[in-house]
Amino acid sequence: MAGMIECAGWHENSCDDGPGIRCVLFFQGCSKNCRECHNSGIKDPGKGTMVPMDDLVEFIDENCCNKKITISGGEPLEQMEGLLALLGELKIRGYNVCLYTGWEMEQVPKQVLSMTDYIKTGGFNPKLKTPDMQYVGSSNQQMFSIRNGNVEEVNLVVEEETYEANDRFGKQEEECSR
């Protein structure tokens, strides 16, 4: 494996960056300049750590025990050569890969899609900020599931179940007392 990726950080257990509990690798650098970006501290290229591909893959293998990883940023697609090499290595090793990008779906190369299981697309728009959707910050962003070449949009709307706590627990008490 050859190549380097400029990395900004690693988060070992996230429930916010794609389906399931995932590790998150943050790439350094993004030229999009989305207003109110939650990762604005990692947008400047040259301020991260250049990591050789071999070392990065070894680190991921040692630290991502459930083999679910999200690649975020910054903007991963701005390091296309390294991203493609990393995606290839992760797929060979059986990882479930989610990619977060500010690019629109039609801008994402098919080669990238062929090596990901999920992709979040679209730049953050503070005018469309919403707390009612999981995995994204604004309603213009989308998440897609990619299975056997089929791309399907994932419903991100969070619908919370409401119930009367006393009714629910009262029924359980009755059932237990039999």
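Draft legend 1. How the structure looks around the overall build of the protein chain. Scanning the protein chain from N- to C-terminus turns up 4 helices and 8 strands. When the helices and strands of the protein chain are listed from N to C terminus, the series reads β-β-β-α-β-α-β-α-β-β-β-α. Counting the 178 residues in the protein chain, one finds 42% classified as buried. Once local pairs closer than 6 in sequence are excluded, the contacts in the protein chain between residues at least 24 apart make up 57%. On the protein chain, roughly 10300 Å² of surface is accessible, and the fraction owed to carbon and sulfur atoms is 47%.

Draft legend 2. Layout of the environment of Gly122. For Gly122, the position within the fold is in the loop between strand S6 (118-121) and strand S7 (142-147). The exposure class of Gly122 is buried, given its relative accessible area of 0%. Sequence separation between Gly122 and Val136 is 14 residues, and the spatial gap between their C-alpha atoms is 9.3 Å. Sequence-distant contacts of Gly122, defined by excluding residues within four places in its chain, comprise Thr101, Gly102, Trp103, Glu104 and Gln141.

Draft legend 3. Summary view of the sheet that holds strand S5 (residues 96-100). Taken in spatial order, the 8 strands of this open sheet run S3-S1-S2-S4-S5-S6-S7-S8, and their pairing is mixed. Both edges of this open sheet fall to strand S3 (49-52) and strand S8 (150-153), since each of them pairs with a single strand only. Strand-to-strand twist across the sheet, computed as the mean angle between neighbouring axes with direction ignored, equals 30°. With respect to the sheet, helix H1 (residues 53-63) is in contact with strand S1 (4-14), strand S2 (22-27), S3 and strand S4 (68-72), its orientation differing from that of S1 by roughly 5°.

Draft legend 4. Up close: the pattern of salt bridges. Per the stated rule, a full pass over the model turns up 5 salt bridges. For the salt bridge of Arg147 with Asp117, the shortest nitrogen-to-oxygen distance reads 3.6 Å. With Arg147 in strand S7 and Asp117 in the loop between helix H3 (110-113) and S6, this residue pair connects regions lying 30 residues apart in the sequence. For Asp117, a relative accessible area of 13% translates into the label buried. Connected through shared salt-bridge partners, Asp61, Glu89 and Arg93 make up one network.

Draft legend 5. Broad picture of the environment of Asn13. Here Asn13 lies in strand S1. Sequence spacing of Asn13 and Ile69 is 56 residues, and the spatial spacing of their C-alpha atoms is 9.7 Å. Excluding residues that lie within four positions of it along the chain, Asn13 makes contacts with Ile21 and Arg22.

Draft legend 6. Examining a negative patch on the surface more closely. A grouping of Asp54, Asp55, Glu58 and Glu62 is seen on the molecular surface, where their side chains present a negatively charged patch. Tracing the chain through its elements places Glu62 in helix H1. A relative accessible area of 57% means that Glu62 is categorised as exposed.

Draft legend 7. Main features of the confidence of the model for the protein chain. Averaged over all residues, the pLDDT of the protein chain is 87; the fraction at 70 or higher stands at 88%. The low-confidence segment residues 171-178 (pLDDT under 50) makes 0 contacts with residues lying over four places distant or belonging to another chain.

Draft legend 8. Region of interest: the nonpolar core. Among the nonpolar cores identified, the biggest contains 29 residues, and Ile60, Ile71 and Leu86 are the most heavily contacted of them. Tyr118, Met133, Met143 and Leu156 belong to the second-largest nonpolar core, a separate cluster that totals 8 residues.

Draft legend 9. Quick look at the side chain of Thr130. Tracing the backbone shows Thr130 in the loop between S6 and S7. Here Thr130 falls in the buried class, since its relative accessible area comes to 16%. In this structure the side chain of Thr130 is engaged in a polar contact, spanning 3.0 Å, whose partner is the backbone nitrogen of Asp132.

Draft legend 10. Main features of helix H2 (residues 80-92). For H2, spanning 13 residues, the distance from its first C-alpha to its last is 18 Å, which sits close to the expected 18 Å at 1.5 Å a residue. Along H2, the residues that are buried comprise Gly82, Leu83, Leu86, Leu87, Gly88, Glu89 and Leu90. Those residues of H2 hidden inside the fold are in contact with S1, S2, H1, S4, S5 and H3. Backbone geometry just downstream of H2 places Gly94 in the positive-phi region, at approximately 85°.

Calculation rules
- Residues numbered from 1 in each chain as written.
- Predicted model: local features only at pLDDT ≥ 70, side-chain atom pairs only at ≥ 80, totals over all residues.
- Heavy atoms only, no water.
- Helix = DSSP H or I, 4+ residues; strand = E, 2+ residues; numbered from the N terminus.
- Buried < 20%, exposed > 50% of the residue type's maximum accessible area, 1.4 Å probe, protein only.
- Contact = heavy atoms within 4.5 Å.
- Areas by Shrake-Rupley, 256 points an atom, 1.4 Å probe, with all protein chains shown as cover.
- Pairing = 2+ DSSP bridges.
- Axes fitted to C-alpha atoms, helices over the stretch in contact; angles between N-to-C directions.
- Salt bridge = Lys/Arg side-chain N within 4 Å of Asp/Glu carboxyl O.
- Patch = residues over 30% accessible without salt bridge, like charges linked within 9 Å, V, L, I, M, F, W, Y side chains within 5 Å.
- Lys, Arg positive; Asp, Glu negative; His and termini not counted.
- Charge placed at Lys NZ, Arg CZ, Asp CG, Glu CD.
- pLDDT = per-residue confidence, 0-100.
- Core = buried A, V, L, I, M, F, W, Y, C linked by side-chain atoms within 4.5 Å.
- Polar contact = N/O pair within 3.5 Å; in protein donor to acceptor, adjacent residues only side chain to side chain.
- Expected span 1.5 Å × (residues − 1).

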